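Residues per chain are reported as follows:
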Amino acid sequence: MNELMGRVLSFAKQVFPNQSDLYSRLASDGQSPKALMISCADSRVVPEQIMQAGPGDLFVCRNAGNIVPPYATQNGGVSSTVEYAVEALGVHDIIVCGHSDCGAMKALMNPEMLENMPNVAAWLRHSQAAKSVVERGYPGVENGERVRAASLENINVQIAHLRTHPSVAAAIARGEVALHGWFFDIAYGQVLALDGVSNQFMPIREDAPLPVALPASPRVAAERLEAAE
Ligand code: ZN
C-alpha cells in the first residue's frame, strides 16, 4: 500500500483515541467553526496547520487559485460553501488565502501553460482582473515578481467577489463578518495580511494588531431609520 494511504490506519489507531472526547462532542453537538478559509488546493498550503486549528475550528474551501466566483456566475461549490458558512454556521471571519509559487497564478500570467487544461483556463477567468492589474499597473516587474504580484492582487480580486454574494453582503452590512486577505510564503512559513486601509500586505506580528482587509462594522449606504414605536 502507498505509504500515505496507510497513514489512515495510524490515525484510527494512534491519533483518534487521544481525541475521541473532542470528536464525540463534535458528533453530538455539531460544528460551530470560528472561520471560513478559502485557500488554494496546493499541497504545501495546509490551512489547519497554518492556523493551528483542530477538528471543528475551521470551515475550509480549497480550489486552484483560491478563487471565489462572483455571485452572478453559475452556481458552484465555492458559492454554496460561502453561503452555508455565513447563513447556517454564522462564521464571523472569512479568509482568502493565496500563497507563493502558486501554479494557478503562474498559469494565469503564462496562459500557454494551459494548452491541455481547458477547465483550468476557464476557471482562471475569475482571476483575469488580477492579471490586468499587474500588466498595466506594475510597469517593469518581471517573471517571478509578476507571479507574486498577481497572487497578491488575486487575493484582492477574490475579496471583491466575496462581497457580491448576498449572504456576505448582508452580514457585512450588519457588521457581523470581517474579511481577511492572507498570503502564505511557503519558503519562510510567513503569513502576510492585507490591510484594507493602506491596501498593502503586512507581516502578522505579535506586537501589532492583525491587519484586516475589511473589519466587521455595520456598513450601509443610507441612513438607518429606527423602527417606529
Ligand atoms: Zn496555488
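Calculation rules
- Residues numbered from 1 in each chain as written.
- Predicted model: local features only at pLDDT ≥ 70, side-chain atom pairs only at ≥ 80, totals over all residues.
- Heavy atoms only, no water.
- Helix = DSSP H or I, 4+ residues; strand = E, 2+ residues; numbered from the N terminus.
- Rg over C-alpha atoms; globule rule 2.2 N^0.38 Å.
- Buried < 20%, exposed > 50% of the residue type's maximum accessible area, 1.4 Å probe, protein only.
- Core = buried A, V, L, I, M, F, W, Y, C linked by side-chain atoms within 4.5 Å.
- Contact = heavy atoms within 4.5 Å.
- Pairing = 2+ DSSP bridges.
- Phe/Tyr/Trp six-rings, centres within 6.5 Å; stacked < 30°, edge-to-face > 60°.
- Donors = N, O, S within 2.8 Å, 3.2 Å for Na, K, Ca; no water.
- Domains from an automatic or database assignment.

A. Fine view of the overall build of the protein chain. Of regular secondary structure, the protein chain possesses eight helices and six strands. Sequence-ordered secondary structure for the protein chain, helices as α and strands as β, is α-β-α-β-α-β-α-α-α-α-α-β-β-β. Over its C-alpha atoms the protein chain spans a radius of gyration of 19 Å, differing by no more than 12% from the 17 Å that the globule rule assigns to 229 residues. In terms of overall dimensions, the protein chain has C-alpha extents of about 70 × 55 × 45 Å along its principal axes. Of all 229 residues assigned to the protein chain, the portion counted as buried reaches 38%.

B. Representation of the nonpolar core in the model. Formed by 28 residues in total, the largest nonpolar core has its most connected members in L36, I38, I94, L162, V168 and L179. For this core, the elements supplying multiple residues, two or more each, are β1 (35–40), β2 (58–63), α3 (77–87), β3 (93–99), α7 (143–162), α8 (166–173), β4 (178–185) and β5 (190–195). If sequence neighbours within four positions are ignored, L162 has contacts with I38, V68, V82, I94, V96, V168 and L179. Of all hydrophobic cores here, the second largest spans 16 residues; its members include I67, M105, L108 and M109.

C. Main features of the environment of G54. Within the element layout of this structure, G54 appears in the loop between α2 (47–50) and β2. With a relative accessible area of 29%, G54 lands in the partly exposed category. Sequence separation between G54 and L22 is 32 residues; the distance between their C-alpha atoms is 9.5 Å.

D. Structural view of the pairing of β5. Counting buried residues along β5, five of its six residues qualify, which places the element largely inside the surrounding structure. Bridging between β4 and β5 involves four bridges; their strand directions are antiparallel. Note that in β5 the partner of W182 across the bridge is A193. The hairpin formed by β4 and β5 contains four residues between the paired strands, and G189 there has a positive phi angle of roughly 65°. Strand direction decides the pairing type here: β5 and strand β6 (residues 200–203), joined by four bridges, are antiparallel. Along β6, the bridge assignment pairs L192 with P203.

E. Geometry of the packing of aromatic side chains. Inspection of the entire model under this criterion finds four aromatic pairs. Where F11 meets Y23, the ring centres are 6.2 Å apart and the plane angle is 85°; that geometry is what we call edge-to-face. You can call F11 partly exposed: its relative accessible area is 33%. The class of Y23 is partly exposed, set by a relative accessible area of 28%. Note on F16 and Y23: the rings are 5.2 Å apart at their centroids and 40° apart in plane angle, and the pair reads as tilted. Taking the relative accessible area as the measure of exposure, F16 reaches 33% and is therefore partly exposed.

F. Highlighting the coordination of the zinc ion. For the zinc ion, the full set of protein donor atoms is C40 (SG), H99 (NE2) and C102 (SG), at a range of 2.1 to 2.3 Å. Each donor residue of the zinc ion lies on the same chain, and together they follow the pattern C-x58-H-x2-C. You can see C40 sitting in strand β1 and its partner H99 sitting in strand β3, a full 59 residues away along the chain. Across the pair, exposure class does not vary: C40 and H99 are buried alike.

G. Looking closely at the domain arrangement of the protein chain. Domain boundaries assigned for the protein chain yield domain 1 (1–30) and domain 2 (34–228). Measuring from the centre of the C-alpha atoms in domain 1 to the corresponding centre in domain 2 gives 30 Å.

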